[in-house]
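Listed below are the residues making up each chain.
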Amino acid sequence: MSENIGAVPSSAPARPAVPDRLEDLEVAESTVHDLALRYLWLHGSATLTALNQTLKLSFAVLETVYHQFRQQHLIEVNGMMGDDYSFKLSAGGQARAEARASAGRYVGPAPVSLAQYNRVVMAQTASPALDRESLRDALGDLVVPDGLLDALGPALVARQPLLLYGGVGSGKTSIAQRIPRIFRDTVVIPYAVEVAGNVVSVFDPAIHKPVAEADDSLDPRWVVCERPCVTVGGELTAAMLELRRD
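Calculation criteria
- Residues numbered from 1 in each chain as written.
- Predicted model: local features only at pLDDT ≥ 70, side-chain atom pairs only at ≥ 80, totals over all residues.
- Heavy atoms only, no water.
- Pairing = 2+ DSSP bridges.
- Helix = DSSP H or I, 4+ residues; strand = E, 2+ residues; numbered from the N terminus.
- Axes fitted to C-alpha atoms, helices over the stretch in contact; angles between N-to-C directions.
- Patch = residues over 30% accessible without salt bridge, like charges linked within 9 Å, V, L, I, M, F, W, Y side chains within 5 Å.
- Areas by Shrake-Rupley, 256 points an atom, 1.4 Å probe, with all protein chains shown as cover.
- Salt bridge = Lys/Arg side-chain N within 4 Å of Asp/Glu carboxyl O.
- Buried < 20%, exposed > 50% of the residue type's maximum accessible area, 1.4 Å probe, protein only.
- Core = buried A, V, L, I, M, F, W, Y, C linked by side-chain atoms within 4.5 Å.
- Contact = heavy atoms within 4.5 Å.

## What about the sheet that holds strand E2 (residues 75-81)?
Then, number 1: With antiparallel pairing, the 3 strands of this open sheet are ordered in space as E1-E3-E2. Looking at strand neighbours, the two that pair on one side only are strand E1 (45-47) and E2, the edges of this open sheet. Between one strand and the next, the sheet's axes are offset by a mean angle of 25°, whatever the strand orientation.
Then, number 2: Judged from the 3 bridges that link them, E1 and strand E3 (residues 84-89) form a sheet pairing that is antiparallel. The residue of E3 that forms the bridge with Thr47 is Ser86.

## Quick look at a nonpolar patch on the surface
Then, number 1: On the surface, Leu163, Tyr165, Leu236, Met240 and Leu241 cluster together into a nonpolar patch covering about 650 Å² of accessible area.
Then, number 2: With respect to the helices, strands and loops of the structure, Tyr165 is situated in the loop between helix H7 (146-158) and helix H8 (172-178).
Then, number 3: Classification of Tyr165 by relative accessible area gives exposed; the value is 72%.

## A word on the nonpolar core
Then, number 1: Within the largest apolar cluster, 26 residues are counted, with the highest numbers of intra-cluster contacts made by Leu57 and Phe87.
Then, number 2: If you list the elements that add at least two residues to this core, you get helix H1 (29-43), helix H2 (48-55), helix H3 (59-71) and E3.
Then, number 3: For this core, the leading source of residues is H1, giving 6 residues.
Then, number 4: Once residues lying within four places of it in the same chain are set aside, the contact partners of Phe87 are Leu40, Ser45, Ala46, Thr47, Leu48, Leu51, Tyr66, Ile75, Glu76, Val77 and Asn78.

## Observations concerning the pattern of salt bridges
Then, number 1: With the rule as written, the count across this model stands at 11 salt bridges.
Then, number 2: A salt bridge links Glu23 to Arg21; the shortest N-O distance between them is 3.4 Å.
Then, number 3: Taking the relative accessible area as the measure of exposure, Glu23 reaches 53% and is therefore exposed.
Then, number 4: When the shortest N-O distance is used, the salt bridge between Arg227 and Asp185 registers 2.6 Å. Of the two residues, Arg227 sits in the segment after strand E8 (222-226) while Asp185 sits in the loop between H8 and strand E5 (186-190), which places them 42 residues apart along the sequence.
Then, number 5: Where salt bridges share partners, they join Arg21, Glu23 and Asp24 into one cluster.

Structure (structure tokens):
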């Protein structure tokens, strides 16, 4: 195996900036309205700060939604809480929220568009700087021969599906669990994605491990995480490779 068979990208992938206009969210305006209405329907009242913390939308966007709701007579203003508005649903807003709640119960961070999700995922394609020593470090708590390192290295750099096979107890699972150690970068994961008008949750605390990283320019609908790894296992025998009548 070559002593340097990979390279780190010349620059970190671009991360989504905070949208300051409703149209910059790249999702349907009705989706944003539905989230705000459901929040009010569930909590009885809201402030822009509370919506900001739950929906992960900027105050500029939320102020636009607030004024739209007022023009449509969907909310009533309770008063001011410091520099913030306190408001609740009007009778018309209550009816609208109940009707929209039947179409979906999701109340949480606003989704990103599927197109934006695809762009960001492609920009975050992993290209680890990998050589024999860095791979040996990743598997440092295992006894692994150089021949196996030479086989793993090109396979990992190719970024293609990798099949680890061998007898029971040969260390397949142990190796698979340590391979993610070669990735030392972080990625951004959206809380949710809008697909054909539906909100699909993506962020899973069981899989995605957030990283404390101060970046006020990052769209808060995205979370900075360690590069995720999902491990599954199964049994493959020679008989399974034969044709069988179903």
